Amino acid sequence: MTDSIFEIANSNYNQNIEYQVSFSMAEIYNEKVHDLFTEINSKKNERTALKIENCKAKNLSCFPVRNSNDIAHYLEKGYKNRSIASTNMNEYSSRAHTIATIYLAQINTTEKSTMKSQIHIVDLAGSERAAKTGAEGTRLEEGGKINRSLMHLGMVIRELAKQRGTESHIYRNSNLTMLLKDSLGGNSKTVMVATVSPLDQHLEETKSTLQYAFEASRIKNRCEKNKFEALLSPEVEALIGQLEGTKAQLNKVTQEKLEKDDIIKQLKSEIERLRRELQETLNGSKVSTFKNIVISSILKQYFWAGLK
């Protein structure tokens, strides 16, 4: 998926179009939104909780990325900072929901407008039964918050499946549903990948997960192409002007370089041809000289033989 995104972005030669791709990663731990690229507060021994405004985490770190390797780098870095712990069910149990987001922007520098989109990749922590996990204390509280957010997500999915999810209040009961509002009931397409177990002891969890997926498949969103929004900031306009000028210079230099590369290629080819011709000529001269020496030697032998 990311390769396709960057293939389009990096193959753009339109001077008036600029593509920008960026990446963020957050987790919802105990119903608090944390930035996985920030350091843990040494006094509180936890990351600073972020507020949610307009379905987005305020002050969430967002890094520009130029290729799939950049995304893989940040993804690995973020995953190392996730909240995980050992339970009776899983040695490396996720104690939070993780949301990785790829932001896409197409900027038209001529019309000074932009069109934006985003892709949420959500890793939901699995629902837990305390009797099976053996959770106590902090682990028990974490499991309860995980189950609570999953319950509210299920309620939102059911409302959307019934085509009754236009009211914004159905998302307010959980930070998870507030962050995913646009992806669930907005101008979007949603795909759910369910992981289930074939073991009898996990039958209830499997049934619950499949029910989740079934309800999600019934959601019908009407997707429309995003529209361009005007860029009204003087600072943005100034940067766009500089960007246009720099891209024009780059195109000029690139064209000159291509022309020079062609000339260099031709000259190198001519040099190789002349070297081969010189070598062949030198080799031919050596052969002729050798022949002359041999003939001269034979004639001398006959000459001295005649004198005798």
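Numbering of residues begins from 1 in every chain and follows the order in which that chain's sequence is written. The predicted origin of the model limits local features to residues at a pLDDT of at least 70 and limits the giving and counting of side-chain atom pairs to 80 or more, whereas totals for whole chains, interfaces and linings rest on all residues. For side-chain calculations, the full set of non-hydrogen atoms in the structure is used, while hydrogens and water are omitted.

**Student:** Give me the packing of aromatic side chains: which residues, what numbers.
**Tutor:** How two aromatic rings sit relative to each other is set out by the distance from centre to centre and by the angle between their planes. The pairing test for Phe, Tyr and Trp rings, Trp by its six-membered ring, is centres within 6.5 Å, and the orientation test on the planes gives stacked under 30 degrees, edge-to-face over 60, and tilted for anything in between. By the definition in use, this model includes 4 aromatic pairs. With a centroid separation of 5.3 Å and an interplanar angle of 80°, the aromatic rings of F37 and F63 are classed as edge-to-face. With a gap of 26 residues between them, F37 in the loop between strand 2 (32–35) and strand 3 (49–50) and F63 in strand 6 (residues 63–64) connect regions that are remote in the sequence. Remark: exposure states derive from per-residue accessible area (1.4 Å probe, protein chains only) relative to the maximum for the residue type, with buried under 20%, exposed over 50%, and partly exposed in between. In this structure F37 comes out as buried when scored by relative accessible area, which is 10%. Geometrically, the ring pair formed by F63 and Y74 is stacked, given 4.8 Å between the ring centres and 15° between the ring planes. Linking F63 in strand 6 with Y74 in helix 2 (residues 68–80), this pair joins segments that are 11 residues apart in sequence. Clustering of aromatic rings is evident, with ring pairs tying together F23, F37, F63 and Y74. Secondary structure is summarised from DSSP: a helix means a run of H or I of at least four residues, a strand means a run of E of at least two, and numbering begins at the N terminus for each.

**Student:** Which residues make up the packing of helix 4 (residues 138–161) against helix 7 (residues 203–217), and what values do they have?
**Tutor:** Each axis is a line fitted through C-alpha atoms, taken for helices only over the stretch in contact, and angles between the N-to-C directions span 0 to 180 degrees. Interaxial distance between helix 4 and helix 7 falls to 8 Å at its minimum, and their mutual angle equals 35°. Taken as a pair, helix 4 and helix 7 cross one another with a handedness that is left-handed. Only Y212, E215 and A216 of helix 7 make contact with helix 4, whose side of the interface consists of L150, M151, L153, G154, I157, R158 and A161. Partitioning the contact of helix 4 with helix 7 into residue classes produces 7 nonpolar, 1 polar and 2 charged. What makes a crossing left-handed is the near helix being turned counterclockwise from the far one by less than a right angle; a clockwise turn instead makes it right-handed. Residue contacts follow a heavy-atom distance rule, with two residues in contact if any of their heavy atoms lie within 4.5 Å. Charged means Asp, Glu, Lys or Arg here, nonpolar means Ala, Val, Leu, Ile, Met, Phe, Trp, Tyr, Cys or Pro, and polar covers whatever is left, Gly included.

**Student:** Please give an account of the pattern of salt bridges that cites residues and values.
**Tutor:** Should the charged atoms of two oppositely charged side chains come close, the side chains can pair. The salt bridge definition used is simple: a Lys or Arg side-chain nitrogen within 4 Å of an Asp or Glu carboxyl oxygen. Counted according to the given criterion, the structure contains 5 salt bridges. The salt bridge involving R148 is made with E31; its shortest N-O contact spans 4.0 Å. Linking R148 in helix 4 with E31 in the loop between strand 1 (17–29) and strand 2, this pair joins segments that are 117 residues apart in sequence. Residue classification places R148 among the partly exposed residues on the basis of a relative accessible area of 36%. In this structure, the salt-bridge partner of E53 is K58, at a minimum N-O distance of 3.6 Å. The class of K58 is partly exposed, set by a relative accessible area of 40%.

**Student:** Which residues make up helix 2, and what values go with them?
**Tutor:** One less than the number of residues in a helix, times 1.5 Å, gives the span that helix is expected to have. The end-to-end C-alpha distance of helix 2, which contains 13 residues, comes to 18 Å, matching closely the 18 Å that a straight helix rising 1.5 Å per residue would cover. Taken together, the buried positions of helix 2 are S68, I71, Y74 and G78. Within helix 2, the buried residues cover an arc of 125° as seen down the axis, which keeps them to one side. Those residues of helix 2 that are exposed and aimed more than 90 degrees away from the buried face are N69 and K80. In the core, the buried residues of helix 2 are packed alongside helix 1 (2–10), strand 1, strand 6 and strand 9 (97–108). Nitrogen and oxygen atoms within 3.5 Å of one another constitute a polar contact, given that in protein one can donate a hydrogen and the other can accept it, and given that sequence-neighbouring residues count only through two side-chain atoms. For helix 2, the side-chain oxygen to backbone nitrogen distance between the N-cap and N69 is 3.1 Å, and the N-cap itself is N67. Arc definition: directions from the helix axis to the C-beta atoms.

**Student:** So what's going on with the nonpolar core? Residues and values would help.
**Tutor:** Within soluble globular proteins, side chains that are nonpolar tend to cluster in buried spots. Counting 24 residues, the largest nonpolar core has V33, L179 and L184 as the members making the most contacts within it. For this core, the secondary structure elements donating two or more residues are strand 1, helix 4, helix 5 (175–179) and helix 7. Apart from residues no more than four positions distant in its own chain, V33 is found in contact with A26, E27, I28, T48, A49, L50, I52, A57, N175 and L179. To qualify as a nonpolar core, a set must consist of buried Ala, Val, Leu, Ile, Met, Phe, Trp, Tyr and Cys residues joined through side-chain atoms within 4.5 Å. Residues M25, F37, I71 and I102 belong to the second largest nonpolar core, which totals 12 residues.

**Student:** Account for helix 4, naming residues and giving values.
**Tutor:** Three or four residues apart is the spacing at which side chains of an α-helix point the same way, because the helix has 3.6 residues per turn. Over its 24 residues, helix 4 extends 35 Å from the first C-alpha to the last, a length consistent with the 34 Å expected when each residue adds 1.5 Å. Every buried residue belonging to helix 4 is among E142, G143, I146, S149, L150, H152, L153, G154, V156, I157, L160 and A161, and all of these are buried. Just beyond helix 4, the residue with positive phi is Q163, at close to 60°.

**Student:** Outline the pairing of strand 1, listing residues and values.
**Tutor:** It is a general feature of regular strands that their side chains alternate between the two faces of the sheet. Among the 13 residues of strand 1, 11 are classified as buried, and the element is accordingly described as predominantly covered. Bridging between strand 1 and strand 9 involves 12 bridges; their strand directions are antiparallel. Directly across from V21, in strand 9, lies its bridge partner L104. Where strand 1 and strand 6 come together, 2 bridges link them in antiparallel fashion. Along strand 6, the bridge assignment pairs S22 with P64. Hairpin connection from strand 1 to strand 2: 2 residues lie between these consecutive antiparallel strands, with N30 at a positive phi of about 50°. We treat two strands as partners when DSSP finds at least two bridges between them.

**Student:** Describe the side chain of S174, and please don't skip the residues or the numbers.
**Tutor:** Note that S174 resides in the loop between helix 4 and helix 5. In terms of polar contacts, S174 uses its side chain to reach the side chain of E31, at 3.2 Å. Excluding its chain neighbours within four sequence positions, the residues that come into contact with S174 are E31, S149 and H152.

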